[in-house]
Amino acid sequence: MMMKLQGSNIQLHARAENKADAIRQVGRLLVDNGHIKPGYIESMLGREKIANTFLGNGIAIPHGLPKDRELILQTGIAVMQIPEGVAWNPGETVYLVVGIAARSDEHIEILTNLTHVLDDEKLVQQLATTDDAEAIVTCLTRMPVASPAAAPPSAVLSDFDKSIEVTVSGEHGLHARPATAFVDLAKQFKAAVHVRHKAAVADGKSLVSLLKLGAGKNATLCIMAKGEDADAALAALHRAVLAGLEDEDSPEAKPLAVDIAHDWSPTQATETIQGLSASPGLAIGPICQIQRHKIVVAATAKDPAVEQERLYHAIATAQGELDQIYQEVKTRSSAGQAAIFKAHIEFLNDTEIIAETIAHIRSGHSAGWSWQQVLKVRVEAMAQLDDPVLAGRAVDLEDVGNRVLRHLAQVVDDTAFAPRTPVILVAEDLTPSDTAGLDPASVLGFCTASGGPTSHTAIIARSLGIPAIVGAGPALLKQKDGVRVILDGDNGKLYIEPDETDIQSAQRVQAILSDQRDSEHQARFEPAITEDGHRMEVVANIAGPAEAEQAVNAGAEGVGLLRTEFLFLDRPSPPSEEEQYQAYRRAVEFLGGLPLIIRTLDIGGDKNVPYLHLPPEDTSFMGIRGIRLCLTKPELFYPQLRAIYRAARHGPIKIMFPMIATLEDLNAAKDMADQVRNELGAPEIPFGIMIEVPSAVAMAEELAREVEFFSIGTNDLTQYTLAMDRLHPMLARQADALHPAVLRMIAQTIRAATSAGIWVGVCGGMAADPQGAVILTGLGVRELSVSIPSVAAIKAQLRRITLSDAQSLARRALACPNAATVRRLTQAKGVDQ
């Protein structure tokens, strides 16, 4: 509903000494008209210290801080005309001061008209000097006439002669992640692809179109194709849907190293808001209400070509931001947690959305208004879907849309959230982008009025370890800032103003839970000895000398894998022998006598380097990479070997050759290493190899006679054993290192190593999986090399088991038919509790 603006809200011919004086005057106008309490004026001045409210072309829009909204009596605006102008900021002069007191968004339409005024300098000058207050009222309350929406530019969706039916697998149906994988695959074919679900038909190459189908769990899809490669497209898409696309189990379904639970509840009656558990844990602190960003766009524009270019630039900028978020979340959590932002990028590749937006632009609208209208229709349609998971993805689409919109529009109240003291956030909802940017040090927990536990916001909260509740309802938003609450993420309850006794009891439980989490860290330097006395060595995987010190501080007992690629990547030429020597020497010195295993250069496949001039390969993981590259590029291999032997004078170093597939490869590498050692007169260094391909497992008995140790790279071994690219978006979930086929490969390798009297380590991702660590221990692995953050947890996990239990578990795992059964075995045994 349009907010009323009357002449009494407008002051003509005012004068102001400075910006602060102008804000106080417009604030008093709001007070006089019954919109705010006097204290809100100070809030408006406070806002100006952290944000610039200069809108442009002589207009400013001062408003208060979100925390002071209780001082707003009713939403309203006041306009103060200053014909002589007032200096706002250096180089900025304001003639119209529009003071805003907003509890909600009724004022947005007026601000939209303000952006329309901004484009008309002559009109601004007229309003700045007019004697007629009604002229200002008319200008700010007359909405531009919108042209009828253009018809969708895409072809009419229809059935094709060639089709195939398939049932959607996965707990939540065709939601964002699997739909993204479907679109990615469909786009690889020239054929047009349509998908029917019940009476609805979607474009198989449009993410939004697919999601609008509302295909939930066990939905039947009719995939149709038309074109020269229609048969191939149908076959590939059919297989992909049967394989689950790239959907993955939600984090709550994945086993944890420690199962933390509590039965705390308040003893005294207190107001309780019930929501849904989104992320476990107890949090105690003051509420801090946050509001969604208010985005204001101009309705019309003069030059469609300019607006179209602005649209493309905004989309490209948003894609760059999303890719950065993806990389950050992937680093901080996991690729699985980050995958949603890949889906967000795909939203921005939707040709149907872009085409409809351009159609609006060509009819005279601004890029911002056009984008906003197109997204609004889709968000509303998606929110109406019956499946709650798919309906919840409307938040994702709105998040992506607003990211683009912020680059196309004037933005109000868009300051970054940075609390000075730890708080519990309360909001209508948080987007995945909002949640990914939260700092657990300052955000104790959060509670949202809407949203669901399967939302990507909830998934990210769990990955960050932030207690969270979702779906708590509108009563949540009536709570005042600063009110102390207890958030119980395990049970989905928010307790308002509990008494001191309950706060103290919750703090005691919180302390116990915190101790359980911290105990692993505190014991990080203790050895990983099972309850029946078996010692396991836990070391770290690192990617540079500085990380060696971090590894030691994290409790690692050495380095099981130094990736030397860091020296060779992102540079125009290879590193010199001296540069490599200094890097390896620093790593040795940081370790202070602890063992260091240096893996020789493992480049190729997914880590191509321009200066090597390697030809492109369709099957790069089976091409010139690892030891094969080193053997064919002795000008790279010899300097590295020389640097390693020189660094070995400063501490215990072992050499590990990657991607050994044949005995001939190993012998050739050893011969080159021996040649370098003899030239330098250096002492012998133990040799080891990576077991990463099935041929190395098959030849393990022969290989074991030539080296001092094996280190199993479970990531590559899994993908080669199962013939599934571990980076493939649809197959990554199935490429599980706990698959019995992989476990049997590991067991065979260990038997051969034991027979030859050498030890076996594991430096792949399986070693950092608590379940995997236990099974590997039972299989006979002696060393686990994991990422630095995983060291303390894996050591603690091993201390909670017995070797005999681990061996029993390993025997049962080898007999399982699939990875899911193996994981259920581990949970049933309770070794990860």
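Note that residues are indexed from 1 along each chain, following the sequence as it is written. Two thresholds apply to this predicted model, a pLDDT of at least 70 for residue-level local features and 80 or more for giving and counting side-chain atom pairs, whereas whole-chain, interface and lining totals are computed over all residues. Heavy atoms from the whole structure form the basis of all side-chain values; hydrogens and water molecules are not counted.

A. Expanded view of the overall build of the chain. For the purposes of this entry, the term helix denotes a DSSP run of H or I that reaches at least four residues, the term strand denotes a run of E that reaches at least two, and both are numbered from the N terminus. Each helix and strand counted, the chain has 29 helices and 28 strands in total. Buried residues are those whose accessible area, probed at 1.4 Å on protein chains only, stays under 20% of the maximum for their type, while exposed residues exceed 50% and partly exposed ones sit between those limits. Per-residue burial over the chain gives 54% buried out of 833 residues. Contacts in the chain between residues far apart in sequence, at least 24 positions, make up 72% of those at least 6 positions apart. Each accessible area is a Shrake-Rupley estimate made with a 1.4 Å probe; only the visible protein chains count as cover when residues are assessed. With an accessible surface of roughly 34700 Å², the chain has 51% of that area assigned to carbon and sulfur atoms. Working rule for contacts: check all heavy atoms of both residues, and any pair within 4.5 Å makes them a contact.

B. Spatial organisation of the environment of L562. Topologically, L562 is positioned in strand 22 (residues 559-563). With 38 residues separating them along the chain, L562 and T600 place their C-alpha atoms 8.7 Å apart. Among residues more than four places away in sequence, those in contact with L562 are I542, A543, G544, Y584, L596, I597, I598 and R599.

C. Looking closely at helix 28 (residues 803-814). With twelve residues, helix 28 extends 16 Å between its outermost C-alpha atoms, agreeing within 8% with the 16 Å of an ideal straight helix rising 1.5 Å per residue. Within the span of helix 28, buried status applies to L803, A806, L809, A810 and A813. Along the long axis of helix 28, the arc covered by the buried residues comes to 120 degrees, so they all point the same way. Multiply 1.5 Å by the residue count of a helix minus one, and that product is the helix's expected span. The arc in question is traced by the directions running from the helix axis to the C-beta atoms.

D. Highlighting the sheet that holds strand 17 (residues 468-470). In this scheme, strands are said to pair when DSSP sees at least two bridges between them. Pairing in this open sheet of eight strands is mixed, and the strands run 10-19-18-12-15-16-17-11 from one edge to the other. A single partner strand is all that each edge strand has here, and the edge strands are strand 10 (272-274) and strand 11 (276-279). Mean inter-strand twist for the sheet, computed between neighbouring axes without regard to direction, equals 30 degrees. Where strand 16 (residues 443-448) and strand 17 come together, two bridges link them in parallel fashion. Along strand 17, the bridge assignment pairs C447 with I469. Note on definitions: angles span 0 to 180 degrees between N-to-C directions of axes, and those axes are lines fitted to C-alpha atoms, for helices only across the stretch in contact.

E. Representation of the pattern of salt bridges within the structure. What counts as a salt bridge is simple: a side-chain nitrogen of Lys or Arg found within 4 Å of a carboxyl oxygen of Asp or Glu. A complete count under the given rule lists 20 salt bridges for this structure. With a shortest N-O distance of 3.8 Å, E228 and K190 are connected by a salt bridge. Placement of E228 in the loop between strand 9 (220-226) and helix 8 (230-242) and of K190 in the loop between helix 6 (176-186) and strand 7 (192-197) is noted, with a sequence separation of 38 residues between them. Comparing E228 with K190, the two get one shared label, exposed. One salt bridge in this structure joins E577 and R642, with 2.9 Å as the shortest N-O distance. With E577 in helix 18 (residues 577-591) and R642 in helix 20 (residues 634-647), this residue pair connects regions lying 65 residues apart in the sequence. Salt bridges sharing partners connect three or more residues here, namely E577, E578, R642, R646 and E679.

F. View of the environment of T53. Positionally, T53 belongs in the loop between helix 2 (39-50) and strand 2 (54-56). Look at T53 and you get buried, because its relative accessible area is 4%. When the C-alpha atoms of T53 and W88 are compared, they prove to be 9.0 Å apart, with 35 residues separating the residues in sequence. Beyond its immediate stretch of four places on either side in the chain, T53 contacts R47, E48, A60, I61, P62, H63 and W88.

G. Local environment of the packing of aromatic side chains. Put simply, two rings from Phe, Tyr or Trp (the six-membered ring, in Trp's case) pair if the centres are within 6.5 Å, and we call them stacked under 30 degrees between planes, edge-to-face over 60, tilted for the rest. Taken as a whole, this structure holds four aromatic pairs when the rule is applied. Both rings, one in W264 and one in Y495, keep their centres 5.6 Å apart while their planes meet at 85 degrees; by these two values the pair is edge-to-face. Highlighted residues: W264 in the loop between helix 8 and strand 10 and Y495 in strand 19 (residues 493-496), separated in sequence by 231 residues. Y495 gets classed as buried once you look at its relative accessible area, which sits at 4%. With 6.3 Å between their ring centres and 65 degrees between their planes, F637 and F657 make a pair best called edge-to-face. Here F637 is found in helix 20, whereas its partner F657 is found in strand 24 (residues 653-657), with 20 residues between them in sequence. A residue is classified by how much of its surface remains accessible, and F637, at 0% relative accessible area, is buried. Every member of this aromatic cluster is reached through a ring pair, and the members are F637, F657 and F687.

H. Representation of the environment of V822 in the model. Tracing the backbone through its elements, the reader meets V822 in helix 29 (residues 819-829). Sequence separation between V822 and G772 is 50 residues; the distance between their C-alpha atoms is 9.8 Å. Setting aside residues up to four positions removed in sequence, V822 forms contacts with L738, P740, L743, I775, A813 and C816.

I. Region of interest: the pairing of strand 7. Direction of pairing for strand 7 relative to strand 9: antiparallel, over a ladder of five bridges. Bridge pairing links V195 to I223 in strand 9. Two elements, strand 7 and strand 8 (residues 200-203), share four bridges in a ladder whose sense is antiparallel. Each bridged residue has a counterpart across the sheet, and for R196 the counterpart in strand 8 is V201. Hairpin connection between strand 7 and strand 8: a loop of two residues separates the two successive antiparallel strands, and K198 in this loop has a positive phi of roughly 60 degrees.

J. Just the nonpolar core, in detail. The term nonpolar core refers to a set of buried residues drawn from Ala, Val, Leu, Ile, Met, Phe, Trp, Tyr and Cys, joined through side-chain atoms within 4.5 Å. If you look at the biggest cluster of nonpolar residues, it comprises 100 residues, and the most contacted ones within it are F657, F710, I775 and L784. In terms of residue count, the dominant contributor to this core is helix 25 (residues 740-756) (eight residues). If sequence neighbours within four positions are ignored, F657 has contacts with T600, I627, F637, L666, A669, K670, A673, F687, G688, I689 and M690.

K. Molecular detail of helix 5 (residues 133-141). What helix 5 keeps buried is the set A133, I136, V137, C139 and L140. Looking down the long axis of helix 5, one finds its buried residues gathered within 165 degrees of arc, a one-sided arrangement. A 3.5 Å cut-off defines polar contacts: any pair of N or O atoms within that distance qualifies, except that in protein one atom must be a possible hydrogen donor and the other a possible acceptor, and neighbouring residues in sequence count only when both atoms are side-chain atoms. One side-chain oxygen at the N-terminal end of helix 5 lies 3.0 Å from the backbone nitrogen of E134; it belongs to D132.

L. Geometry of unusual backbone geometry. One non-glycine residue, H13, lies in positive phi territory at about 55 degrees. The residue H13 is located in the loop between strand 1 (10-11) and helix 1 (19-32) in this model. Its identity as a non-glycine residue notwithstanding, K198 has a phi of 60 degrees, on the positive side. The residue K198 is located in the loop between strand 7 and strand 8 in this model. Its relative accessible area of 71% is what places K198 among the exposed residues.

M. Structural context of the packing of helix 25 against helix 26 (residues 770-779). Following both chains from N to C, one finds helix 25 and helix 26 inclined at 35 degrees, their axes separated by 10 Å at the closest point. Here helix 25 runs over helix 26; the crossing is right-handed. Contacts from L743, I746, A747 and I750 of helix 25 reach helix 26 at I775, L776 and L779. Amino acid classes used here: Ala, Val, Leu, Ile, Met, Phe, Trp, Tyr, Cys and Pro are nonpolar; Asp, Glu, Lys and Arg are charged; the rest, including Gly, are polar. Classifying every residue of the contact of helix 25 with helix 26 by side-chain character gives seven nonpolar, no polar and no charged. Here a crossing is taken to be left-handed if its near helix is turned anticlockwise relative to the far helix by less than a right angle, and right-handed if that turn runs clockwise.

N. Spatial organisation of the packing of helix 24 (residues 714-722) against helix 25. Contact geometry of helix 24 with helix 25 gives a least axis separation of 9 Å together with a crossing angle of 120 degrees. Here helix 25 runs oblique to helix 24, going by the angle between their axes. Handedness of the crossing formed by helix 24 with helix 25: right-handed. Contact with helix 24, carried on its side by T714, L717, T718, T721 and L722, involves A741, V742, M745 and I746 of helix 25 and no other residues of that element. Of the residues contributing to the contact of helix 24 with helix 25, the split by class is six nonpolar, three polar and no charged. Put simply, angles under 35 degrees are roughly parallel, angles over 145 are roughly antiparallel, angles from 65 to 115 are roughly perpendicular, and the rest are oblique.

O. Expanded view of the sheet that holds strand 7. Within the open sheet, the four strands sit side by side as 6-9-7-8. Their pairing is antiparallel. Two strands close off the open sheet at either side, each with one partner strand: strand 6 (162-167) and strand 8. The average angle at which neighbouring strand axes cross in this sheet is 25 degrees, direction not considered. Relative to the sheet, helix 8 contacts strand 6, strand 7 and strand 9, its axis offset from that of strand 6 by approximately 5 degrees.

P. Molecular detail of the confidence of the model for the chain. Scored by pLDDT, the chain has a mean of 81; 81% of the residues are at 70 or more. Scored from 0 to 100, pLDDT reflects the predictor's confidence in each residue. Low pLDDT, under 50, characterises residues 144-155; the stretch is placed with 15 contacts to residues that sit more than four places away or in other chains. Low pLDDT (under 50) marks residues 827-833, which in the prediction has 22 contacts with non-local residues, meaning those over four places away or in another chain.

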